[in-house]
Every structure is written in C-alpha cells, then in structure tokens.
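What the coordinates show
Letter by letter, the chains look like this.
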Amino acid sequence: MILRLRTRDGMFRVKTEPDSEIKTVISNLETQLKKKNVDLFHSKISINGSTFNVEDILYNKNSDFDLKHGAILTLTFEESAVIPETRPTSTVDSSFLGKDSVTSDEFSVTQFPVDDLLDKKDGIIKRKRTSLCRHSDKGMCEYCSPLPPWDSNYLNEHNIKHKSFHAYLNELNESTNKASGSSYIPPLKELSFEVAKNCTGGHKPWPQGICSKCQPSAITLQLQDFRMVDHVEMSDPQLINNFIESWRSSGSQRLGILYGTYEEYTSVPLGIKAVVHAIYEPPQADELDGITLSDWENEEHINRVANLCGLTKVGVIFTDLIDAGNGDGTVICKRHKDSYFLSSLEIMFAARGQIKNPNYTKHSKSGKFSSKFVTCVLSGNLNQEIEISSYQVSASAESLVRADLISASTHPGMVFVNEKTTNRYVPDIFFKETNRYDIVVKKNAKPAFPNDYLLVALTHGFPDNPNNFFKSNKFTVENRQYIGKFQDIGGLKNYTESKDLNIFMENLSDFHLLCFLFELEMLNTKEKKLCCDIAIKQDPRLCYELFETPGWKTVMALMTVLE
Ligand code: ZN
Ligand code: ZN
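Read on for an overview of the structure. These figures come from a predicted structure and were not determined experimentally.

The rules we used
Residues numbered from 1 in each chain as written. Chains lettered and ligands numbered in written order. Predicted model: local features only at pLDDT ≥ 70, side-chain atom pairs only at ≥ 80, totals over all residues. Heavy atoms only, no water. Helix = DSSP H or I, 4+ residues; strand = E, 2+ residues; numbered from the N terminus. Contact = heavy atoms within 4.5 Å. Buried < 20%, exposed > 50% of the residue type's maximum accessible area, 1.4 Å probe, protein only. Donors = N, O, S within 2.8 Å, 3.2 Å for Na, K, Ca; no water. Tetrahedral: all angles 85-135°; square planar, octahedral: opposite > 155°, others 65-115°. Patch = residues over 30% accessible without salt bridge, like charges linked within 9 Å, V, L, I, M, F, W, Y side chains within 5 Å. Areas by Shrake-Rupley, 256 points an atom, 1.4 Å probe, with all protein chains shown as cover. Salt bridge = Lys/Arg side-chain N within 4 Å of Asp/Glu carboxyl O. Lys, Arg positive; Asp, Glu negative; His and termini not counted. Charge placed at Lys NZ, Arg CZ, Asp CG, Glu CD.

Mapping N381 onto the fold places it in the loop between strand 19 (374–380) and strand 20 (386–393). The contact partners of N381, leaving out residues within four places of it in the chain, are C333 and E387.

This paragraph deals with unusual backbone geometry. Omega for the peptide link from W206 to P207 comes to 10°, which places this bond in the cis form. You can see P207 is positioned in the loop between helix 4 (165–177) and strand 9 (219–221). Cis peptide bonds are those with omega within 30 degrees of zero, and the linkage from K446 to P447 qualifies with 0°. Phi at N479 is positive, roughly 60°, even though this residue is not glycine. The residue N479 is located in the loop between strand 26 (455–461) and helix 9 (489–496) in this model. In this structure N479 comes out as partly exposed when scored by relative accessible area, which is 22%. The backbone of Q538 shows a phi angle near 55°, a positive value even though the residue is not glycine. For Q538, the location among the structural elements is in the loop between helix 12 (525–537) and helix 13 (540–547).

A few words now on the coordination of the zinc ion (ligand 1). In this structure, C133 (SG), H135 (NE2), C141 (SG) and C144 (SG) serve as the protein donors to the zinc ion (ligand 1), at separations of 2.1 to 2.3 Å. Around the zinc ion (ligand 1) sit four donor atoms; with metal-centred angles ranging over 105 to 123°, the donor geometry is tetrahedral. Within one chain, the residues serving as donors to the zinc ion (ligand 1) are arranged as C-x1-H-x5-C-x2-C.

It is worth spelling out a negative patch on the surface at this point. There is a patch of like negative charges on the surface, built from E30, D39, E55 and D56. In this fold, E30 is placed in helix 1 (residues 22–33).

This paragraph deals with the pattern of salt bridges. For the structure on display, the rule yields 28 salt bridges. One salt bridge connects K372 with D115, and the closest N-O pair in it is separated by 2.5 Å. Of this pair, K372 sits in the loop between strand 18 (368–371) and strand 19 while D115 sits in helix 2 (residues 113–119), and the two are 257 residues apart along the sequence. Here the two residues K372 and D115 agree in accessibility, since each one is buried. The residue E299 makes a salt bridge to K313 at a minimum N-O spacing of 2.5 Å. Of this pair, E299 sits in helix 6 (residues 299–308) while K313 is found in strand 16 (residues 312–320), placing the two residues 14 residues apart along the sequence. Residue classification places E299 among the buried residues on the basis of a relative accessible area of 15%.

Right, let's get into the coordination of the zinc ion (ligand 2). A four-donor tetrahedral metal ideally has 109.5 degree angles, and a six-donor octahedral metal ideally has angles of 90 or 180 degrees. Around the zinc ion (ligand 2), the protein supplies C199 (SG), H203 (NE2), C211 (SG) and C214 (SG) as donor atoms, at distances of 2.0 to 2.3 Å. Because the angles between the four donor atoms bound to the zinc ion (ligand 2) fall within 105 to 120°, the donor set is best described as tetrahedral. All donors of the zinc ion (ligand 2) belong to a single chain; written as a sequence motif, their spacing is C-x3-H-x7-C-x2-C. Accessibility classification places C211 together with C214 in one group, the buried group.

Here you go:
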C-alpha cells in the first residue's frame with residue numbers, strides 16, 4: 001500500500017505494508033527528502049487528527065493506526081541549521097510573474113513588478129495653462145508649472161489623504177541623492193526600536209549592559225503621511241458576497257486571506273492598488289464576537305497555487321457584523337470616528353501580518369521597507385449598510401511590535417505601552433496632539449495612546465468594468481464544515497465532468513476548486529500550471545493538452561471509481 005506524507009517540502013509517497021513499522025516509513029521518507037539539516041526521527045507526525053512525536057511511535061505498526069492505502073500523514077519538522085539569508089526574495093515565485101531582478105550595491109532584490117514599473121516614472125503632474133497665466137504659449141508660471149507627485153496642495157485638492165509610497169520615495173531621494181553625484185544612497189531605512197546588537201561600546205551584551213550607542217532613542221509618533229498601498233480593489237463583488245455568506249448562515253464572524261496582484265493606481269500620483277482576485281478561508285474557530293485562527297498547515301500549498309495563477313498574498317479580510325434586527329439586512333454600526341476603526345487587538349494583528357509579509361525594495365539598505373499587506377474589515381457603516389474599510393498600520397507600528405513595545409489594551413481604541421522588564425528596553429514614547437486651545441503638544445504615550453497614531457486608511461472600490469479573474473465561484477469554499485459545507489471528490493467530479501469545454505473551463509476557473517484539486521497531489525507542477533492557465537486564459541486548446549497528461553488521466557480515473 002502507499003501512504004502519502006505531507007511535509008513543508010511537499011507531498012511524498014511511501015510504499016509500505018500494514019505490518020511494517022512506522023520507523024521504515026520515516027526512513028524511506030528521509031531518503032526521498034534529501035535534507036541534511038532535518039532529523040525526521042525527532043519531528044512530529046499527525047495521523048488521523050492526532051499528533052505524536054515520531055520517536056514515540058517508531059516501533060508501532062501501520063495497522064496500529066488503522067492506516068490504509070492512500071492515507072495522508074502530516075510531518076512537521078524543524079530545520080536545525082539556519083542557512084544565512086544573503087539574498088532576500090519575495091514570497092512570490094518570480095518565475096511566474098516575469099519579474100526582473102534589480103541589482104543594488106549590497107545584494108539583488110526582487111521587487112514586485114509594480115515597483116519596477118513605478119521606479120521608471122517620475123510622477124510629475126503636468127498642468128494646463130490657466131486663466132491667471134499672463135505668458136505666451138511657450139511660457140510657464142507658478143499657476144501652470146508641473147508639480148512633484150508629493151505636492152501637498154495637489155493631494156489636498158484631490159482629497160488624497162496620504163502621498164503614495166513612490167511619491168514619498170522620490171521626495172526622500174531628492175534630498176538624499178541630490179548633492180551626491182557619485183554612488184546611489186538608498187533613501188529608505190527600516191526603523192528599529194530595539195537595543196542595537198553587536199554594540200562596540202565595550203560592555204556586556206544587552207540585557208547585561210547598555211550604553212548611549214546601542215540604546216534606542218525616544219520615539220515620537222506621528223500620523224504617517226504616506227502609504228505603501230493606496231487603494232484596495234475587489235475584482236468582483238461576488239467575492240465579498242460569497243465571503244459574507246458564512247456570516248449570513250451562521251451569525252459568526254469570518255476571516256479570509258486575500259490573494260491578488262499589486263498594480264499601478266492612476267488616481268493617485270505614482271499610486272499602487274492591491275487587486276483582490278480570491279479569498280481563501282484558512283482553518284478558524286468562529287464566534288459571534290470574534291475569530292480564533294487555528295494552525296494553517298497547508299498555507300504554503302495555497303501560496304503555491306496562488307503563485308501558479310500569478311497571484312500573491314496581498315492581505316487579510318474579516319467580518320465584524322451584527323444584524324441590526326430590523327429584518328432588512330441592516331447591520332449595527334460599531335466603528336466610527338468616536339469609537340475606533342481598527343481595535344488595538346486588530347492593529348497588533350495587522351502589524352504581525354505586515355511583518356510576516358515585508359515589502360522588498362532596492363531603495364532600502366536592508367532590501368526591505370514596511371509592507372504592502374492590507375487589512376480589510378467588513379462592518380456596518382453609519383447608514384447601517386455592510387461596508388468594506390481598508391487599512392495598513394504605519395512602519396512605526398511594525399517596529400513597535402517587532403521590538404515588543406506595545407500590546408492591545410482592554411480599551412479597543414487605545415494601544416498599551418509595555419512595561420520595562422529585564423529583557424525589554426522601553427524607550428520614551430511620545431505622540432503629538434492638538435489640545436483644546438488648538439496648540440500642538442507632545443504627550444507621553446505611557447501607559448496607553450490612541451490607535452489612530454498607528455493607522456493608515458486606504459481607499460476601496462470595485463472596478464468600473466468588472467473583469468473576473470476567476471470565472472466561477474460555485475465550488476464549496478474550504479473550511480466551512482461548521483456550516484455543513486464539505487469539499488469532496490464528488491463535488492469535484494460534478495464540476496470537472498462536463499463534456500462542454502466552455503462549461504469545463506469556467507468550472508475549473510475557481511480558486512477553491514484548484515486548491516482542492518491540487519491538494520490531491522495527483523498532478524505534477526506542469527499539469528497544475530496548465531490547469532491554472534486554462535482557469536485564467538479560457539483557451540480550449542490548453543484543455544486538449546491537459547486531457548492527454550498522465551496526471552489528469554489519474555484524476556479522471558479516480559472520478560470513474562466513484563461511480
Ligand atoms: Zn502659467
Ligand atoms: Zn552599547
């Protein structure tokens with residue numbers, strides 16, 4: 001019989017017998033895995049929902065766990081030696097996005113294609129001749145001269161609350177590199193609020209010693225005047241309808257991961273928008289008043305499916321919906337300027353998401369700067385309608401979380417400053433506030449300060465001409481067992497057996513179906529890519545190619561067995 005072993009490096013098959021010991025299965029996997037820095041015999045294994053230390057069950061037999069042909073076991077291992085990271089690359093597999101590598105002095109950094117595109121633009125805002133102009137057609141004056149993309153009057157007039165990342169970058173670049181004729185100095189610098197490592201001050205390392213060289217200086221929090229992403233676009237309203245459906249049928253809240261692309265957003269000078277094409281719902285326990293995320297074991301697998309479709313993880317969305325009880329679909333408005341937009345707990349969550357998904361840029365010495373990961377909330381607006389709001393937290397918020405300086409407080413509108421401990425150095429933190437005499441005053445942020453200082457609001461919308469990336473969203477959404485929805489082979493069969501190629505291609509064009517299909521591990525990478533291409537391009541010629549592959553024939557054979 002064949003057992004399937006799921007690892008972070010993919011799925012492996014091991015041939016074994018019911019009477020064989022688990023030890024032989026692990027040994028077999030070890031030869032297939034070919035990794036020197038992993039000790040599989042000291043890893044963890046999940047069998048039928050229970051987790052064991054491998055070494056505890058080495059001499060058990062397969063039959064002891066009732067393991068049958070085709071069973072899937074999940075192996076979780078630690079890699080002992082960390083391979084030094086000299087070449088940061090984005091989480092997106094660049095080969096599928098056709099990205100160029102850009103070389104800076106230090107190392108090569110793979111940027112998002114939109115950054116490569118905007119790097120080439122100056123974003124200068126051209127203006128037409130006005131009635132105030134007193135010069136000839138060839139002349140120019142203060143009323144008609146071109147403006148830089150960060151011009152605050154222009155942004156105010158166009159109701160743009162923050163300059164774009166690339167406008168900010170170009171502005172910084174102008175002051176950093178204007179004078180220096182020679183080599184390029186990366187203008188961006190990642191903020192660090194931690195005690196500097198490897199201090200040369202001649203004392204014992206922190207926490208045994210600290211000096212003025214390595215201790216972080218005082219922090220003054222200000223509203224961030226730029227944003228890494230300006231706008232979030234849901235490519236299809238049906239994405240949101242589908243997502244809210246779980247709340248409609250259960251009353252409990254829901255969280256989804258946003259997959260899409262980053263593209264130029266022309267409504268803002270040098271702007272960027274996150275375009276969402278799919279929402280994946282990871283394992284979670286949903287309550288009426290919140291969500292608890294469970295371990296997301298197949299996260300890497302889902303990321304790879306998205307990459308094969310040319311998509312990347314762009315953010316997260318969650319609901320905070322309470323029916324207003326009017327029987328007309330209205331919901332209670334909880335979030336407004338007198339309460340909060342993102343609670344302090346959600347700010348911590350958003351910050352961790354951003355830290356986990358850094359923005360790679362060749363304009364920062366470290367190769368990284370902040371993040372393009374967005375956080376969207378579906379909640380009631382002032383008219384009690386369901387509305388999407390999109391946010392990011394500031395680069396300072398990321399650094400505060402990285403240095404473990406802040407926590408969520410019991411007051412959702414306030415962020416708590418952590419206490420100093422023997423291991424945690426907490427510098428003075430201030431924020432600027434306008435008092436009732438309209439004077440800007442610096443206030444100590446301890447013990448807590450308003451959330452708004454860490455928050456950046458993005459705009460949101462649907463495209464004028466919806467052009468659905470995925471054509472279908474009929475296949476059962478993952479992890480919805482709690483509302484009686486199960487993904488199974490029977491469902492897959494229903495959506496893949498159509499002899500009408502147009503119907504077949506449309507049904508295959510469903511992110512949830514592709515994730516489920518690929519998880520069966522019957523298709524190789526090339527066959528999976530072919531499925532994704534059919535899903536996106538809707539080209540019948542690719543179908544004929546797919547039908548001839550061994551992997552697809554295996555899938556079809558499995559379907560036939562079901563009859
Ligand atoms: Zn003029
Ligand atoms: Zn020092």
